[in-house]
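Summary of the model geometry
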Amino acid sequence: MYGMLPVESGNSSEGRTAANNATVRTVFVIGPDKKVKLQLSYPMTTGRNFDEILRVLDSLQLTARHQVSTPASWKPGDDVIIGGSVSHEEAQKKYPAGWKAIKPYLRVVSQPR
């Protein structure tokens, strides 16, 4: 349905060997809207980072609910960025305690609960 397997992989494992059957393990996060929100691919020789997967799930849920963005290396509880689509007036209503404006378009606020 999501085109996750290469076309040349065929419909069965028949005829494949270890040389051409090495897996690339991919984690897909599919949202309630049935769209792929995240795709993380790892080679067979590398383990998946479960802490990163949980961090991304937390971020996706938070950003979907509150019109914010999470910066690189964000962890739950860290400050977030008010979405660019949120007007100054809307931001004042949502965050009456204010925010720190790094740039006019980069407004940092405590993580909403």
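Parameters at a glance
Residues numbered from 1 in each chain as written. Predicted model: local features only at pLDDT ≥ 70, side-chain atom pairs only at ≥ 80, totals over all residues. Heavy atoms only, no water. Helix = DSSP H or I, 4+ residues; strand = E, 2+ residues; numbered from the N terminus. Contact = heavy atoms within 4.5 Å. Areas by Shrake-Rupley, 256 points an atom, 1.4 Å probe, with all protein chains shown as cover. Pairing = 2+ DSSP bridges. Buried < 20%, exposed > 50% of the residue type's maximum accessible area, 1.4 Å probe, protein only. Polar contact = N/O pair within 3.5 Å; in protein donor to acceptor, adjacent residues only side chain to side chain. Lys, Arg positive; Asp, Glu negative; His and termini not counted. Salt bridge = Lys/Arg side-chain N within 4 Å of Asp/Glu carboxyl O. pLDDT = per-residue confidence, 0-100.

Points about the overall build of the protein
From N to C terminus, the protein includes two helices and six strands. Reading the helices (α) and strands (β) of the protein from amino to carboxyl end gives β-β-α-β-β-α-β-β. A fraction of 30% describes how many contacts in the protein between residues 6 or more apart in sequence connect residues 24 or more apart. Accessible surface, the protein: about 8400 Å² in total, of which carbon and sulfur atoms supply 54%.

Quick notes on the sheet that holds strand β4 (residues 80–82)
Taken in spatial order, the four strands line up as β3-β4-β6-β5 in an open sheet, and their pairing is antiparallel. With one partner strand each, in any of the chains shown, β3 (68–69) and β5 (100–103) form the two edges of the open sheet. In this structure, β4 lies alongside strand β6 (residues 106–109), joined through two bridges in antiparallel fashion. Looking at β6, one finds that I81 is bridged to V108.

Focus: the side chain of S59
With respect to the secondary-structure elements, S59 resides in helix α1 (residues 50–66). S59 gets classed as buried once you look at its relative accessible area, which sits at 11%. Engagement of the side chain of S59 in a polar contact is seen with the side chain of T70, the distance being 2.7 Å. In contact with S59, not counting residues within four places along its chain, are T70 and W74.

Observations regarding the side chain of R107
Within the secondary structure layout, R107 lies in strand β6. Despite being buried, R107 has no salt bridge partner; E90 is the closest side chain of opposite charge, sitting 7.5 Å away. There is a polar contact of 2.7 Å between the side chain of R107 and the backbone oxygen of V86. Apart from the residues lying within four places of it in its own chain, the contact partners of R107 are V80, I81, I82, G83, G84, V86, S87, H88, A91, W99, K100 and A101.

Details of the confidence of the model for the protein
Note that predicted coordinates carrying low pLDDT should not be read in detail. When pLDDT is averaged along the protein, the result is 86; 83% of the residues meet or exceed 70. The spread of mean pLDDT over the elements of the protein runs between strand β1 (residues 24–30), the lowest at 86, and β4, the highest at 97.

A word on the pairing of β5
Relative to β6, β5 runs antiparallel, the two being bridged by three bridges. The residue bridging K100 from the neighbouring strand is V108, located in β6. Counted along the chain from β5 to the antiparallel partner β6, the turn is two residues long.

Here we look at the pattern of salt bridges
Counted according to the given criterion, the structure contains two salt bridges. E52 is the partner of R55 in a salt bridge, and the nearest nitrogen-oxygen pair spans 2.8 Å. Taken together, the positions of R55 and E52, both in helix α1 and three residues apart, correspond to about one turn of that helix.

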